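Single-letter residue listing:
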Amino acid sequence: MLTFDPHLQLALDLVGVFAFALSGGLVAVKKRLDLFGVLVLSGAAALGGGVMRDVLIGDLPPVGISDWRLLTSALIAGLVTFLYHPGVERISRFVRVLDAAGLAVFAIGGSLKALGAGMDPLTSVIVGGITAVGGGIVRDVLAGQVPEVLRREMYALPALLGSALIVTAHHFDAVSPLVIWGCVALVFAVRMIAVVLDVHAPKPLRTGELT
Amino acid sequence: MLTFDPHLQLALDLVGVFAFALSGGLVAVKKRLDLFGVLVLSGAAALGGGVMRDVLIGDLPPVGISDWRLLTSALIAGLVTFLYHPGVERISRFVRVLDAAGLAVFAIGGSLKALGAGMDPLTSVIVGGITAVGGGIVRDVLAGQVPEVLRREMYALPALLGSALIVTAHHFDAVSPLVIWGCVALVFAVRMIAVVLDVHAPKPLRTGELT
Amino acid sequence: MLTFDPHLQLALDLVGVFAFALSGGLVAVKKRLDLFGVLVLSGAAALGGGVMRDVLIGDLPPVGISDWRLLTSALIAGLVTFLYHPGVERISRFVRVLDAAGLAVFAIGGSLKALGAGMDPLTSVIVGGITAVGGGIVRDVLAGQVPEVLRREMYALPALLGSALIVTAHHFDAVSPLVIWGCVALVFAVRMIAVVLDVHAPKPLRTGELT
């Protein structure tokens, strides 16, 4: 098994934290929260997924509350959002793009960290998926909106596909920086295509519906 | 102390997962989510309580994200709900029945697992209660509705009673499959009676109320 | 390093639990929940922050679900709220005061417990902050309202300041009961001043806003 580069893990975490912190900050701006509301929602969105991951695999305390680089990254992203943000009507689109970036990075990084902690392949895929969607769920629940992961476009699926891919690569000792960033790019691309095309998953048939 | 049968623990978990997954899927259908939304809400409802239990007693990774049988059970229940579900106007009733079944099984199963992990009696009762109500809380918070556990009929109480009963039985070395399923049946029966009779707990007096 | 008095830790926990349980009960009364809804929301508000703290620092099972004194304290506070509560129109004000008391006690107590568990200073500050705001977030999310921590007055900041202060005191071996209660008083005072003066943090500029 290849030893996995801790610098690369940190790089994945930092990119994900920054992207989700921006997304959290933008949602806070949209909800007209003040500076501290923006920082709190930035932090919760940025660090929520990673904290869930670390709690689930038993790596305590979670890096999201102990590594100053992640915390600083989230804080800076929150401040940036507060000072420079697009008009409210354009925020939703930006949130989707940033969300897709965080989703991609955290899915791959979460699975790799789970594998590194000795989790079996299935657990590692699920942990990757939870890392990816966790921050967005925390963000949306705190902000009082239905989590993105439950809305109609494909969201959890690209994350799980990416996680499954990197876990498979790990099984065949084929994890390299190129493969890692390739998987990240793939998840991001699939998610963005879904956003752009507004791909709908099938909806349940409704029988005897009243409205 | 009797050694507790791991097959029985798995059986309890599987029944609870299946019942809560159906309930989560039905809530998702009611909220008009698409296939993935249905699967995500099924999974969250089915596995949320057990994941909380395992995190609280330190049994990591939680079986809810590592045992393929539980995951598969949740997935199948989600798919079944998506494909075959009653008309929207009848869903709420079905959710209540399934919810009661999951509540009963998880209360007893959660307490037994906590006892098996060496928790003291009080902790085991509370863990049973959290296992029982956890999945429903996750389901309702994600779906943006007030959790069932806070609504007006008796909900947490039957679960806690069942947990206290099985913990007492354990104290007297009287845990057997018969006792276990008896406790499950009791919790289910009490909860269903409360649903059917729409039993109200007392409400606080309101002084100086405006509306 | 001074050995930290476990009785003082318990005292901090008890005060915080009681204050947050009252706040949770009052929110439940305001939402017109029944007796069990009041008790559940009391318990969730009272014990949520401490459970998060213990899960994050790996001290399992969390005292919030294993120490009968904390559970009893939460239960009594819930019952008290149910039986004797102010008119609905005065509840919001009471919730804020109790919330401030719980915030102060949990911030300092959470940081001290984290330090005692061997966490580094940064982690201990963050854990103190999460202990302080966690219960209120659980309360507000369950009750379906935007968490206090995201609303406009200063909320997380006083908690983090208090946590930083006690962690600094710990660094210089200067933790004593006097210092501890001094920090608690400071956090409470800063938070109450913010509530009374309705201090607003700066709000983001809005460009191109439509509404």
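Predicted model, so just to flag it, every value in this text is computed and none were measured. (Residues numbered from 1 in each chain as written. Chains lettered and ligands numbered in written order. Predicted model: local features only at pLDDT ≥ 70, side-chain atom pairs only at ≥ 80, totals over all residues. Heavy atoms only, no water.)

Colleague: Where do I start with the overall build of chain A in this structure?
Modeller: The helix and strand tally for chain A stands at seven helices and zero strands. The N-to-C order of helical and strand elements in chain A reads α-α-α-α-α-α-α. Relative to a compact globule of 211 residues, whose C-alpha radius of gyration would be 17 Å, chain A shows 17 Å and is just as compact. Within the span of chain A, comprising 211 residues, buried residues form 59% of the whole. Pairs at least 24 residues apart make up 76% of the contacts formed inside chain A by residues separated by at least 6 positions. Of the roughly 8200 Å² that chain A leaves accessible, carbon and sulfur atoms contribute 72%. (Helix = DSSP H or I, 4+ residues; strand = E, 2+ residues; numbered from the N terminus. Rg over C-alpha atoms; globule rule 2.2 N^0.38 Å. Buried < 20%, exposed > 50% of the residue type's maximum accessible area, 1.4 Å probe, protein only. Contact = heavy atoms within 4.5 Å. Areas by Shrake-Rupley, 256 points an atom, 1.4 Å probe, with all protein chains shown as cover.)

Colleague: Looking at this model, I keep getting lost on the environment of C:Leu79. Mind explaining?
Modeller: All names here are of chain C. Relative to the helices and strands, Leu79 resides in helix H4 (residues 68-83). With 44 residues separating them along the chain, Leu79 and Leu35 place their C-alpha atoms 8.0 Å apart. Excluding residues that lie within four positions of it along the chain, Leu79 makes contacts with Leu35 and Leu39.

Colleague: It is not clear to me how helix H7 (residues 156-171) of chain B should be interpreted in this structure. Could you clarify?
Modeller: Count 3.6 residues to each turn of an α-helix, and residues three or four apart come out pointing the same way. All names here are of chain B. Across its 16 residues, H7 extends 22 Å between first and last C-alpha, which sits within 8% of the 22 Å expected from 1.5 Å per residue. The set of residues buried in H7 consists of Ala156, Pro158, Ala159, Gly162, Ser163, Ile166, Val167, Ala169 and His170. Positive backbone phi, approximately 55°, marks Asp173, located one or two places after H7. (Expected span 1.5 Å × (residues − 1).)

Colleague: Sorry, what's going on with the UniProt feature "transmembrane region" (unreviewed entry) in chain A here?
Modeller: Residues and elements named next belong to chain A. The positions that UniProt labels "transmembrane region" (unreviewed entry) are, in the present scheme, residues 6-28, 35-56, 68-85, 97-116, 122-142, 154-172 and 178-197. Across residues 6-28 one finds 100% helix and 0% strand; the C-alpha atoms that close the span lie 32 Å apart. The span residues 178-197 shows a helical share of 100% and a strand share of 0%, and its end C-alpha atoms are spaced 28 Å apart. (UniProt positions renumbered as here; feature names shortened; annotations may be inferred.)

Colleague: Just to check I follow, could you spell out the UniProt feature "domain: Glycine transporter" (unreviewed entry) in chain A for this structure?
Modeller: Per the UniProt entry, the sites bearing "domain: Glycine transporter" (unreviewed entry) are residues 11-85 and 97-170 of chain A in this numbering. Summarising residues 11-85 of chain A: 79% helix, 0% strand, and an end-to-end C-alpha distance of 25 Å.

Colleague: Is there a simple way to think about the side chain of A:Asp54 in this case?
Modeller: As for its position among the elements, A:Asp54 is in helix H2 (residues 35-57). If we ignore the near neighbours within four places in the chain, the residues touching A:Asp54 are A:Asp59, A:Leu60, A:Pro62, A:Val63, A:Gly64 and A:Lys113.

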